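Topology and contacts: notes
Each chain is listed here by its residues.
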Amino acid sequence: MKTVIVLTMLVSLLTVKTANAQRKRLPDSVNVLIRLHPRNPSSPRVDSVLVIFDRFDHTGAGIVRNIYYPTNNQFTIPRVPEGKYYITIYCLGFYTDKFNDLMFISKRHSNQLRYKLKGTDEYVPGTYLPDMEIDFTNLAITNIKSFR
């Protein structure tokens, strides 16, 4: 009688183990969609982007470090491990800009990052002068420490 009970318990344990093994496991990495929205529809499209994802707890520097070529100012980064990241995006090419962000990437969040691009103007010689800010308190002539 004891052997029958032990055998039935073993068979039931083996079937429970196989049922758990067939369960779907959720992936530990997700896809991240990054969209770059221009403020002006006539602004140029971004040619290429350097993306760097650094872990927040300093356990992985440069988890994602790659150059992407966006189509319609958006691109997808595949298989990013879950976690909190420092995100740095450098726009390369004709349009240059830099974005920094701190984001938590997980399968429970939307994982869509949106950044607004600044407006750009074309430079025509003699027609446009950039604004220059001069701090007169920081010049060598007005700084008292430079005379010592």
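In this report, the structure presented in the accompanying data block is examined. In this text the structure is predicted, and so the values were computed from the model without any measurement.

**With respect to the pairing of strand E7 (residues 112-117)**
Residues of E7 alternate between two faces, with Leu-113, Tyr-115 and Leu-117 buried on one and Gln-112, Arg-114 and Lys-116 left unburied on the opposite face. As paired elements, strand E1 (residues 29-38) and E7 share six bridges and run parallel to each other. Residue pairing for E7: Pro-38 is matched across the bridge by Leu-117.

**Details of the sheet that holds strand E4 (residues 74-81)**
Pairing within the open sheet is mixed, and its three strands lie in the order E4-E1-E7. Only two strands of the sheet have a single partner each, and these edge strands are E4 and E7. Averaged over all pairs of adjacent strands, the angle between their axes in this sheet comes to 20°, without regard to strand direction. The pairing of E1 with E4 spans six bridges and is antiparallel. Across the sheet, Ser-29 pairs through a bridge with Pro-81, a residue of E4.

**Topic: the sheet that holds strand E3 (residues 64-68)**
Spatially, four strands are ordered E3-E2-E5-E6 in an open sheet, and the strand pairing comes out antiparallel. Two strands bound the open sheet, and with one partner strand each, they are E3 and strand E6 (97-105). Between one strand axis and the next, the sheet turns through 15° on average, direction left out of account. Relative to E3, strand E2 (residues 48-55) runs antiparallel, the two being bridged by five bridges. When the bridges of E3 are listed, Phe-53 appears paired with Val-64.

**Here we look at the side chain of Asp-97**
One can find Asp-97 in strand E6. Despite its burial, Asp-97 pairs with no opposite charge; the closest candidate is Lys-118, at 4.3 Å N-O. Looking at Asp-97, its side chain comes within polar contact range of the side chain of Tyr-95, at 3.2 Å.

**A few points about unusual backbone geometry**
Glycine aside, negative phi is the norm for most residues, and most peptide bonds take the trans geometry. In this structure, Arg-79 takes a positive phi of about 50° despite not being glycine. Among the structural elements, Arg-79 can be located in strand E4. A positive phi angle, near 60°, is found at Asn-111, a position not held by glycine. Inspection of the secondary structure puts Asn-111 in the loop between E6 and E7. Residue class for Asn-111 comes out buried when judged on its relative accessible area of 4%.

The rules behind the values
- The residue numbering used here restarts from 1 in each chain and proceeds along that chain's sequence as written.
- Since the coordinates come from a predicted model, pLDDT governs what is reported: local features require at least 70, and pairs of side-chain atoms require 80 or more to be given and counted, while whole-chain, interface and lining totals use all residues.
- Calculated side-chain values reflect all of the structure's heavy atoms, with hydrogen atoms and water omitted.
- Three labels apply to residues, based on accessible area from a 1.4 Å probe with only protein chains included: buried if under 20% of the type maximum, exposed if over 50%, partly exposed otherwise in between.
- Counting from the N terminus, the helices are the DSSP runs of H or I reaching at least four residues and the strands are the DSSP runs of E reaching at least two.
- Strands pair, by our definition, only if DSSP identifies at least two bridges between them.
- To define axes, lines are fitted to C-alpha atoms, for helices over the stretch in contact only, and angles between the resulting N-to-C directions are given on a 0 to 180 degree scale.
- Under the convention used here, Asp and Glu are negative, Lys and Arg are positive, and both His and the chain ends fall outside the count.
- A carboxyl oxygen of Asp or Glu within 4 Å of a side-chain nitrogen of Lys or Arg is what we treat as a salt bridge.
- Counted as a polar contact is a pair of N or O atoms within 3.5 Å, where, for protein atoms, one must be capable of donating a hydrogen and the other of accepting one, and residues adjacent in sequence contribute only when both atoms are in side chains.

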